[in-house]
Amino acid sequence: MGLNLAQKILKAHLVEGEMVAGKQVGIRIDQTLTQDATGTMAYLQFEAMGVPRIKAKLSVSYIDHNMLQDDFKNADDHLYLQTVAAKYGLHFSRPGNGICHQVHLERFGAPGQTLLGSDSHTPTQGGIGMIAIGAGGLDIALAMAGQPFYLSWPEVVNVHLTGKLKSWVAAKDIILEVLRRLTVAGGVGKIIEYTGPGVKSLSVPERSTITNMGAELGATTSVFPSDDITKKFLTAQKRGNVFKALSADADAKYDKTVEIDLDKLEPLTAQPHSPDNVTEVKKLKGTKVTQVAVGSCTNSSFRDLMTVAGMLKGKTVAPGLSLAVTPGSKQVYEMISANGALKDIIASGARILESGCGPCIGMGFAPNSGGVSVRSFNRNFPGRSGTKDANVYLASVETCIAAALTGEITDPRKIGKSAPKITWPKTFMVQDNMIIKPSKKAVEVKRGPNIQPLPETHPLSPVLSGAVLLKTGDNITTDHIMPAGAKVLPLRSNIPEISKFVFASLDATFHDRAKAAGGGFIVGGVNYGQGSSREHAALAPMYLGVKAVIAKAFARIHRSNLVNFGIVPFTFVNEGDYEKIAQGDKLTINVGGVETDDIVIKNETSGAEIPVKHGLSGREKDQVRAGGALGLAKQAK
Ligand code: MIC
Ligand code: SF4
């Protein structure tokens, strides 16, 4: 039987386990990436493993998230990351060089290889036929140390594209359509593979917009074939040597097929406050907009900014509205400045921000109170923009600029006959002067006061008892559990300090109550922990004494992060039992050594007995018993 592309690449990297959907397998990781907000923890953990030099083929450490430097903290982190990279054999992408996913696509990604990144949008590289997976920092540290990455053998969903996008309809609209159909939980345990004649009409940056935002489906990753278009892109990046033609076998099987006719797609937008709350832009016509932001790892490529420049040329941003534009990388920035497009953007009144994540993660450019912001980003979770009551819409750059010019949500097809035509250069402007290669000399690692040691972990106790500290609804995001933004992100290297913000947007008393009680439990609904890969959403609750999370279902990366830090992820055997636990109830859970999966929670307050499952694999059981994966990795050494 033929294989699909995802299976082919995974099979070529399989080191443990069987290719049976849902079964745990171990795969070899070729490349790793980290960004600064997750990187400091990843490297502290790597250092604790005592491995003298990385064993992955290529590892890159990027600075892109924490770039507001209003005191020493972020600058301390940058210096730590730079010196640790030099010491252990990593490439280091300096602040200003751009967003990790955009730069990686330009300079490092390679078809057919595997990439593990401590950022949930690592699947961006699926646009050039890589199997690129987001994970917690500890998993990246283990991969750098040469250990396999463990995941459930995924189901593969075929998104079969036919036809060709009409003018003003963008790749962003394709992924928004997929989100509308599959929802934010629809990709859990799955890889999304794009096939069909429609693939040929999409450039690499467009494909990467789609695989990037596949993260919002909860998917393990998304992948496109590697074809002539990939070859052209890599050659233009002066990296034609890494090209490999890759596609599914003609008789490949998929677990499910979704058909999308590109001719029929219209401009779409995700309404507040979820990326799957998708509707046609035309239905929201006339909605007043107070700010527009173009950028992020989803939509800030050369193609995107040339579209922005083409639409803004000779015009002025609507009064009463602010437009921010963030180039995805230094390469994009340099190219639009050399060809004059930047001038058209500046002349329109747009505010140009430095090349990095910026407003996407609440680092500046927060909307006004109750404001409406239209963004080319990938997430519109409540509060993520920095303004609690703002309404954020996600859309293509075409729809963003249509709003910026008119001051209201506007179907871009109303702006003109056809979208600006982009002339692609033969070669991109390749200057790797902001990438520092690994050092061969001895390097001293610099640790400023913002770099605090890792918190202690404790082996699992056979009886877990305590109160339910918080009961949440469905689709709780890691932005709820461990917020980001300008105030909190600089504390990523300091767990005691950052733990003060755990669940702050849901319940500002959480930290103090958890501390006073000496820890306890969390009860959640479906898709608990969706969104980011930030392991701080497990590490900080662990520090506060959270022993287990009992949910209807978990998002993949967050569940692994909980296990990595010794927090047991239980799911209800009967979903309805969620009603049998209230916030404040006292629970006793006899877990023993998590040998069996027939565990019953005793609700001491109501007397109810509630069956739950942990679903831990053999390796995960060992990790939980040891109080987390780091303890185990140290034991194994
Ligand atoms: C995000 O988009 O939420 C982030 C910030 O890039 C995160 C990583 C982090 O929390 O540092 C992600 O997506 O993994
Ligand atoms: Fe950065 Fe936003 Fe992309 Fe996360 S989603 S990596 S914050 S640009």
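Structure shown above.
Residues numbered from 1 in each chain as written. Chains lettered and ligands numbered in written order. Predicted model: local features only at pLDDT ≥ 70, side-chain atom pairs only at ≥ 80, totals over all residues. Heavy atoms only, no water.

Caption draft 1: Region of the structure containing unusual backbone geometry. At the junction of Pro272 and His273, the peptide bond is cis and its omega measures out at -5° in the coordinates. Tracing the backbone shows His273 in the loop between β13 (268-270) and β14 (278-280). Positioned with a positive phi, Lys238 is a non-glycine residue whose angle comes to about 60°. Mapped onto the fold, Lys238 is located in the loop between α8 (228-236) and β12 (256-261). (Helix = DSSP H or I, 4+ residues; strand = E, 2+ residues; numbered from the N terminus.)

Caption draft 2: Geometry of the packing of helix α9 (residues 302-312) against helix α10 (residues 330-338). The contact between α9 and α10 brings their axes to 10 Å, and the two run at 35°. By crossing handedness, the relation of α9 to α10 is classed as right-handed. Residues Phe302, Leu305 and Met306 of α9 pack against Val332, Met335 and Ile336 of α10. Considering only residue class, the contact of α9 with α10 consists of six nonpolar, no polar and no charged. (Axes fitted to C-alpha atoms, helices over the stretch in contact; angles between N-to-C directions. Left-handed = near helix turned anticlockwise from the far one by under 90°. Contact = heavy atoms within 4.5 Å. Nonpolar A, V, L, I, M, F, W, Y, C, P; charged D, E, K, R; others polar.)

Caption draft 3: Structural detail: the side chain of Lys330. On the secondary structure map, Lys330 appears in helix α10. Accessibility expressed as a relative area gives 14% for Lys330, which makes it buried. When sequence neighbours within four positions are dropped, the list of residues in contact with Lys330 reads Gly96, Asn97, Gly98, Ser355, Gln431, Asn433 and Met434. (Buried < 20%, exposed > 50% of the residue type's maximum accessible area, 1.4 Å probe, protein only.)

Caption draft 4: Spotlight on the pattern of salt bridges. The final tally for this structure, using the stated rule, is 30 salt bridges. One salt bridge in this structure joins Arg180 and Glu280, with 3.2 Å as the shortest N-O distance. One end of the pair, Arg180, is in helix α6 (residues 171-182); the other, Glu280, is in strand β14, and 100 residues separate them in sequence. Taking the shortest distance from any N to any O, the salt bridge between Glu408 and Lys288 comes out at 2.8 Å. (Salt bridge = Lys/Arg side-chain N within 4 Å of Asp/Glu carboxyl O.)

Caption draft 5: Broad picture of the pairing of strand β9 (residues 155-162). Bridging between β9 and strand β10 (residues 190-195) involves six bridges; their strand directions are parallel. Residue Val157 lies in a different strand from β10, and its bridge partner there is Ile192. After leaving β9, the chain enters α6 and then returns to the sheet as β10, a path that is right-handed. In the sheet, β9 pairs with β12 via six bridges, with the strands oriented parallel. Pairing of His160 across the sheet is with Glu259, part of β12. (Pairing = 2+ DSSP bridges. Right-handed = clockwise from strand over helix to strand, strands pointing away.)

Caption draft 6: Main features of the site of ligand 1. The immediate surroundings of ligand 1 are formed by 14 residues, with Asp119, Ser120, Arg384, Ser533 and Arg534 found nearest. Contact between ligand 1 and Ser533: an oxygen atom at 2.7 Å from a main-chain N or O atom of the residue. Side-chain polar atom of Arg534 to an oxygen atom of ligand 1: 2.6 Å apart, as the coordinates give it. For ligand 1, the protein covers 97% of the area, taking 330 Å² as the surface of the free molecule. Across the shell around ligand 1, the residue classes tally to two nonpolar, seven polar and five charged. (Near = heavy atom within 4 Å. Polar contact = N/O pair within 3.5 Å; in protein donor to acceptor, adjacent residues only side chain to side chain. Areas by Shrake-Rupley, 256 points an atom, 1.4 Å probe, with all protein chains shown as cover.)

Caption draft 7: Fine view of helix α19 (residues 618-625). For α19, the set of buried residues is Glu620, Lys621, Gln623 and Val624. Angular distribution of buried residues about the axis of α19 spans 160°; they occupy a single face of the element. Immediately beyond the C-terminal end of α19, within one or two residues, lies Gly627, with a positive phi of roughly 85°. (Arc of directions from axis to C-beta.)

Caption draft 8: The arrangement of the pairing of strand β21 (residues 463-471) in detail. As defined by bridge partners, β21 adjoins strand β25 (residues 586-590) across five bridges and the pair is classed as antiparallel. Counted as the bridge partner of Leu464 is Ile589 from β25. Here three bridges tie β21 to strand β22 (residues 520-524), and the two strands are oriented parallel to one another. Bridge pairing in β22 links Lys471 to Val523.

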